[in-house]
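Coordinate inspection notes
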2 protein chains.
Amino acid sequence: MKRNVILLAAVAMLAAGCCKQSEPTDNASVVMQTILNRKSVRSYTGDTIAADVMQQLLKAAMAAPSGRDIRPWSIVVLTDKSQYSTVFEGNFNMQKFMESGAVVILCADTTFEAPSRDNPDGPAIRQVNHLWRDDMGAVTENLLLAVEAYGLGACWTACYPYEDRMAPIRTSLGLPPTVVPYAVVPIGVPTTDNQPKDKWDASRVHYEKW
Amino acid sequence: MKRNVILLAAVAMLAAGCCKQSEPTDNASVVMQTILNRKSVRSYTGDTIAADVMQQLLKAAMAAPSGRDIRPWSIVVLTDKSQYSTVFEGNFNMQKFMESGAVVILCADTTFEAPSRDNPDGPAIRQVNHLWRDDMGAVTENLLLAVEAYGLGACWTACYPYEDRMAPIRTSLGLPPTVVPYAVVPIGVPTTDNQPKDKWDASRVHYEKW
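Read on for an overview of the structure. The residue count restarts for each chain, going from 1 along the sequence in the order it is written. Chains and ligands are labelled by the order in which they are written, letters from A for the one and numbers from 1 for the other. Where totals are concerned, whole chains, interfaces and linings use all residues; where local detail is concerned, this predicted model gives features only for residues with pLDDT of at least 70, and gives and counts side-chain atom pairs only at 80 or more. Note: side-chain values were computed over all heavy atoms of the structure, leaving out hydrogens and water.

Another point: the overall build of chain A. Looking only at helices and strands, one finds seven helices and eight strands in chain A. Any two residues whose heavy atoms approach within 4.5 Å are treated as being in contact. The long-range fraction of contacts in chain A, counting pairs at least 24 apart against all pairs at least 6 apart in sequence, stands at 71%. Summed over all atoms, the accessible surface of chain A reaches about 9800 Å², with 52% contributed by carbon and sulfur. Each helix is a run of DSSP H or I of at least 4 residues and each strand a run of E of at least 2, with the numbering of both proceeding from the N terminus. In short, Shrake-Rupley with a 1.4 Å probe defines the accessible areas, and a residue's cover is counted only from the protein chains shown.

Here we take up the relation of the copies chain B and chain A. We place the copies in one frame by least squares, fitting the C-alpha atoms of every residue whose pLDDT is at least 70 in both. Overlay of chain B on chain A (RMSD 0.0 Å): rotation 180°, translation along the axis 0.0 Å. Put plainly, the chains are arranged around a two-fold axis. Relative to the rotation axis, the C-alpha of B:G137 is the closest in chain B, positioned 2.1 Å from it. Looking at chain B, 100% of its interface residues are interface residues in chain A too, so the copies touch through the same face.

For the rest of this paragraph, the subject is the side chain of A:R38. Here A:R38 is to be found in the loop between α2 (27–37) and α3 (51–62). For every residue, the accessible area obtained with a 1.4 Å probe (protein chains only) is divided by the maximum for its type, and the residue is called buried under 20%, exposed over 50%, and partly exposed between those limits. Judged by relative accessible area, which is 6%, A:R38 ranks as buried. Counted as a polar contact is a pair of N or O atoms within 3.5 Å, where, for protein atoms, one must be capable of donating a hydrogen and the other of accepting one, and residues adjacent in sequence contribute only when both atoms are in side chains. Side-chain polar atoms of A:R38 contact the backbone oxygen of B:A63, separated by 3.1 Å.

With that settled, the discussion passes to unusual backbone geometry. Residues and elements named next belong to chain A. Cis peptide bonds are those with omega within 30 degrees of zero, and the linkage from Y160 to P161 qualifies with 5°. Its location among the elements puts P161 in the loop between β6 (157–158) and α7 (163–173). Backbone geometry places R71, a non-glycine residue, at a positive phi of 55°. On the secondary structure map, R71 appears in the loop between α3 and β1 (73–78). At E208, a residue that is not glycine, the phi angle is positive and equals roughly 70°. By secondary structure assignment, the location of E208 is in the segment after β8 (205–207).

What follows is about the interface of chain B and chain A. Counting residues at the interface gives 77 residues for chain B, matched by 77 residues for chain A. The quantity reported as buried area is the accessible area (1.4 Å probe) lost by two parts once they are put together, taken as the sum for both. Counting each side, the surface lost to burial between chain B and chain A is near 6900 Å², with a carbon and sulfur contribution of 64%. The working definition used for a salt bridge is a side-chain nitrogen of Lys or Arg within 4 Å of a carboxyl oxygen of Asp or Glu. Where chain B touches chain A, the interface holds two salt bridges. B:R133 is paired through a salt bridge with A:D134; the nearest N and O atoms lie 2.7 Å apart. The tally of links from chain B across to chain A stands at 30 residue pairs in polar contact (both at pLDDT 80 or more). Elements supplying a minimum of two residues to the side of chain B that touches chain A: α1 (2–21), α2 (27–37), α3 (51–62), β1 (73–78), α6 (132–149), β7 (179–188) and β8 (205–207) of chain B. Residue composition of the side of chain B that touches chain A, by class: 47 nonpolar, 14 polar and 16 charged. Of the pairings in the sheet, the one linking β8(A) to β1(B) comprises three bridges and is parallel in character. Note that in β1(B) the partner of A:H206 across the bridge is B:V76. Following the grouping adopted for this structure description, the nonpolar residues are Ala, Val, Leu, Ile, Met, Phe, Trp, Tyr, Cys and Pro, the charged ones are Asp, Glu, Lys and Arg, and the polar ones are all others, Gly among them. Strands are treated as partners if at least two bridges between them are detected by DSSP.

Structure follows, in structure tokens:
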């Protein structure tokens with residue numbers, strides 16, 4: 001009996017150890033793997049994105065930092081492909097949009113309302129936000145990393161500052177006047193094996209001085 | 001003997017199952033957890049950052065996407081605190097820098113060299129990069145997410161476009177003329193329990209139209 005208990009314990013420990021060796025289980029390794037594997041994907045199967053997955057992608061986008069915690073973002077999700085030729089009448093590669101599961105337009109309000117810094121107890125006034133563009137870079141990257149984590153693919157397509165791309169979107173969607181369409185991100189199930197680039201370059205790092 | 005083998009197999013299976021239930025093991029959950037937990041941390045213990053961890057943070061930063069794959073980034077890592085009062089003479093909160101393990105300055109070349117789009121087989125010419133600022137938002141966010149994944153804390157401190165912040169950095173570090181110091185990111189071991197904000201707002205999402 002005692003020998004059997006010892007054997008059982010040994011097998012249990014082995015099995016527990018076996019689970020952990022097959023894939024990175026510490027959070028840092030998993031996150032690094034996703035960051036380093038993220039790549040632009042421009043060709044998709046046409047499969048739709050499940051609603052619960054799309055919600056996670058959008059939650060990731062909205063978890064970005066923002067200057068003064070202003071949170072300038074809004075998001076438009078387009079799955080009705082009959083609208084694409086109108087909305088994306090500007091200089092866009094339509095093929096990848098048509099193959100996607102959805103196209104996400106990340107928008108930013110270039111203004112915000114808050115009391116003036118000179119009069120912090122005064123009334124909220126509408127003023128220019130000088131950091132919205134930086135926030136939106138982070139928003140877009142969060143979205144792309146969540147896409148990668150869920151095994152999907154996407155391609156960051158710049159919209160701002162190209163007026164020929166922005167104007168049809170503004171007009172067809174009826175964006176409020178201070179809101180710019182910042183980036184257009186088609187998302188889908190990748191068709192082919194897309195490889196990330198290894199962009200690490202130690203010569204770009206300067207210690208203590210340039 | 002047969003009964004013992006069956007028992008062993010049962011225990012092994014139970015042990016294997018037990019490993020997976022104690023924490024999120026699927027990559028999407030781990031990545032989402034990191035994205036949603038990321039927060040600004042402004043107070044640190046003063047402990048240094050291990051060199052191998054710092055390298056991973058910088059690798060994450062350089063894994064960002066960039067318009068036309070230009071990769072405008074360079075990174076300065078400052079740990080010599082005797083230099084901080086000179087480099088950060090501009091309007092910075094020095095206390096968090098002095099407590100940090102390191103201060104990372106994310107820089108961007110606002111120009112790049114490539115053949116003109118009008119003459120793709122012609123000579124490489126130096127030209128303005130219109131998308132460096134968007135790239136750098138993604139670079140900064142990758143850095144912040146890697147920081148979070150390694151259990152460290154950081155705070156994205158805007159540098160561009162504030163001339164009073166940028167000028168002393170340019171001068172003291174001797175940055176090349178087309179390179180801007182984009183963001184200053186102190187990184188350290190967090191002192192107190194910092195809670196992330198839940199910024200999800202379903203009213204910011206518009207389906208098919210605004």
